[in-house]
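Next come the chains, spelled out residue by residue.
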Amino acid sequence: MKTIVIGVIGADVHAVGNKIIEYVLKKEGYNVVNIGVLSSQEDFINAAIETNADMILVSSLYGHGEIDCRGMREKCVEAGIGDIPMLVGGNIVVGKQDFDEVRERFIKMGFNRAYPPGTPIEKTLPDIKEILGE
Amino acid sequence: MSRYLMIDFGSTFTKLTAIDTETEDIIATANSFTTVATDITVGYENALRELYSKIGKEIKFDKIIGCSSAAGGLKMAAVGLVDELTLEAAKRVCLGAGAKVELAFSHHLTSDDIKSIIDKKIDIILLAGGTDGGNSECVLFNQRKLAESGLKTPVVYAGNKNCADEIRAIAEEYGMDEYICGNVMPKLNVLKVDEARDKIREIFLKNIIEAKGIKKIEREIDKVILPTPEAVLHAAELLSKGYMHESGLGEIVLVDIGGATTDFYSMCSASAKRSDVILKGLEEPYAKRTVEGDLGMRYSALGVLGALTAEEIRVYDEDEGVDLEKELLFRHEHVDNIPTNEHEEQIDRIMGQICVDKSIERHVGKMEEMYTPMGLVYYQYGKDLSQIRYVIGTGGVLVRSKHPYEILKKVEYDMSKPLELRPRRPGYMLDADYILAAMGLLSEIDPLLALKIMKKHIKPINN
């Protein structure tokens, strides 16, 4: 069974989408480690190390995701899990920006995929399966 | 009617407490120097003679049980994967079992780490790492490292259950003294301490007691059943929670200042006590113990000095008109010094104050400010002790001191450290007869009696 760490990064308390993601991924047969809202980069990384996770899935809905996610890949490298796939989605930047540019910025930050506001988890599932080699 | 004898083999003193079940009280107490280096029975018999002479006759006891912290107590090394997760969980297990965490290692063990395990004469190693089904690479690496080093120290394995078979195979191949039990962190952020703690206690009874020369005494007495700090932990929890219809004192903290260490215990629920904080970090237990190996009145006098900043030392020197560095050095070199004049009493009071202040600083929960789009919020790490009802003191310095209140008062909220969740206006009590460890032992056979005696003998301090 593959393990995926999910959570909401930064000072963000939006819990509903987080629960939906947990529900869907569990139904798909994944071992979901949900670290919940108000989670720091370190919380994600520590959880991934202890649970030997195959993927980290970061959510952010309050517009500050870009600041919260910066430097996360570097920390993964430092912690010895530099190759772990990381996905991010939600309202991850301030205001309405062209998402192609936003995606480019997050890919540069070391994320494997970035999803625009309102993307349902069902839509990202094929990507998750592909990345995990299923 | 029954009579019980409780023995506490301490590092310095062997303390006896005789109890009568009919009067529901202590008959007498006595103590004598511990003689663990030669034959522990000598010190025990000296204390027993003193006890009989206090009572005025020899009496027969229906049950004799003991606890021990002699010969350095139980020294453990905690090994985990991530600092904040399995290593923290492993440390909590050791402390809850009454051990002193001499060494703590995260991630891969190195040859130097193994060397320090040998040098420090560690009694038991607790090996953890990985949630169940999680990381197994690190614990297996560490297990192999321990195996290949040829260490004979007992190892308790309480890591990822998925690799328990491989761990067992390595242990058998190398002839290690290894015990496998449930994971201390089966799921992320979920603590399960009981199984590993019971295993540590079992090994303590089987191996350690023999190694520390306490086995000899087992001919005379029924059993040594606990490491002393665990007995104190049981007593404090009982005193806080009460037993059946006999009420307890509610939420309390207990500080035990010894010659070598300062133990701090808090008995209170770990939930957030104010609405503007968000709890972070591992879940905290109701009964929590921490032990500071560098804070003590004599053997650790230099540690006390090390715990202070240069500025703090200067403030003490100026306020009290002393030369703290010189005084602490003297006490480190003269561990049997007992204050005989006002100046020496003053130094002991200052040292006690520092031990209390620093040990609670390390034990107490702390808040962290966090600026968010919703404004300022607080994260709370650890336990909020602000609503604590009583602070109880024990240990030679407090019992002998003319100013126990002045020493214990250092636990209180301090304006210069506003983010520490210290007690605010608690009541103060003193275990003047040193009965806590004995009552922890008694609580194993008769909790109600132990509680009644504690409520009688632990008295409020008038300030």
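Here the structure is a predicted model, which means the values were calculated and not measured. (Residues numbered from 1 in each chain as written. Chains lettered and ligands numbered in written order. Predicted model: local features only at pLDDT ≥ 70, side-chain atom pairs only at ≥ 80, totals over all residues.)

Can you break down the overall build of chain A residue by residue, with the values?
Looking only at helices and strands, chain A has six helices and five strands in total. The globule rule puts the C-alpha radius of gyration for 134 residues at 14 Å, and the 13 Å found for chain A is close to it. On the principal axes, the C-alpha backbone points of chain A span a range of 40 × 30 × 25 Å. The burial tally for chain A puts 43% of its 134 residues in the buried class. (Helix = DSSP H or I, 4+ residues; strand = E, 2+ residues; numbered from the N terminus. Rg over C-alpha atoms; globule rule 2.2 N^0.38 Å. Buried ≥ 20, exposed ≤ 12 C-beta atoms within 10 Å, placed from the backbone.)

Describe the sheet that holds strand β1 (residues 3-8) of chain A, naming the residues involved and giving the relevant values.
Residue and element names in this part refer to chain A. Spatially, β2-β1-β3-β4-β5 is the arrangement adopted by the five strands of the open sheet, whose pairing is parallel. Since the sheet does not close on itself, it has two edges, and those belong to β2 (31-34) and β5 (113-115), each with one partner. This sheet shows a mean twist of 20 degrees between the axes of neighbouring strands, independent of strand direction. As paired elements, β1 and β2 share four bridges and run parallel to each other. Within the sheet, the bridge partner assigned to Val5 lies in β2 and is Val33. Contacts from helix α1 (residues 16-27) reach β1, β2 and β3 (55-60) within the one sheet, and its direction differs from that of β1 by about 170 degrees. Of the strands in this sheet, β1, β2 and β3 are in contact with helix α2 (residues 41-51), which crosses β1 at around 160 degrees. (Pairing = 2+ DSSP bridges. Axes fitted to C-alpha atoms, helices over the stretch in contact; angles between N-to-C directions. Contact = placed C-beta atoms within 7 Å.)

Tell me about the packing of helix α7 (residues 228-241) of chain B against helix α15 (residues 447-457) of chain B, and please be specific about residues and values.
All names here are of chain B. Viewed as axis vectors pointing N to C, α7 and α15 meet at an angle of 80 degrees, and their least axial separation amounts to 10 Å. With respect to each other, α7 and α15 are oriented roughly perpendicular. Contacts from Ala235, Leu238 and Leu239 in α7 reach Pro447, Ala450, Leu451 and Met454 in α15. (Parallel < 35°, antiparallel > 145°, perpendicular 65-115°, else oblique.)

How would you explain the interface of chain B and chain A if you had to name every residue and give the values?
Interface size, as often reported, equals the accessible area lost upon joining of the parts. Taken together, the contact pairs 16 residues of chain B with twelve residues of chain A. Elements with a minimum of two residues in the side of chain B that touches chain A: α2 (83-96) and β15 (366-372) of chain B. For the side of chain B that touches chain A, the element with the highest residue contribution is α2(B), accounting for three residues. For the side of chain B that touches chain A, the residue count by class is eight nonpolar, seven polar and one charged. (Nonpolar A, V, L, I, M, F, W, Y, C, P; charged D, E, K, R; others polar.)

Hey, could you go over the environment of Tyr44(B) for me, with residue numbers and the actual values?
Residue and element names in this part refer to chain B. For Tyr44, the position within the fold is in helix α1 (residues 40-55). We classify Tyr44 as buried; it has 23 C-beta atoms within 10 Å. Linking Tyr44 and Thr34, residues ten residues apart in sequence, is a C-alpha distance of 7.4 Å. Beyond its immediate sequence surroundings of up to four residues, Tyr44 is in contact with Ile7, Thr14 and Ile217.

If you had to explain the pairing of strand β5 (residues 75-79) of chain B to someone new, which residues and values would you point to?
All names here are of chain B. With four of five residues buried, β5 is to be regarded as a mostly interior element. Taken together, the five bridges between β5 and strand β6 (residues 100-105) define a ladder with parallel strand orientation. Directly across from Ala78, in β6, lies its bridge partner Ala104. What joins β5 to β6 is α2, and the crossover it makes is right-handed. (Right-handed = clockwise from strand over helix to strand, strands pointing away.)

Could you give an account of the domain arrangement of chain B, with specific residues and numbers?
Residues and elements named next belong to chain B. In terms of domains, chain B is made up of domain 1 (3-71), domain 2 (73-207) and domain 3 (231-460). Using C-alpha coordinates to define each centre, domain 2 is positioned 29 Å away from domain 3. Facing eight residues of domain 2, the contacting portion of domain 3 comprises eight residues. By residue number, the principal contributor to the side of domain 2 that touches domain 3 is α2, which donates four residues. Looking at side-chain class alone, the side of domain 2 that touches domain 3 contains three nonpolar, three polar and two charged residues. (Domains from an automatic or database assignment.)

So, the packing of helix α4 (residues 137-148) of chain B against helix α5 (residues 164-174) of chain B: which residues are in play, and what are the values?
All names here are of chain B. Across the interface, α4 lies against α5 with an axial gap of 10 Å and an inter-helix angle of 10 degrees. By the angle between their directions, the pair α4 and α5 is classed as roughly parallel. Contacts between α4 and α5 pair Leu140, Gln143, Arg144 and Ala147 from the former with Glu166, Ile167, Ile170 and Tyr174 from the latter. Considering only residue class, the contact of α4 with α5 consists of five nonpolar, one polar and two charged.

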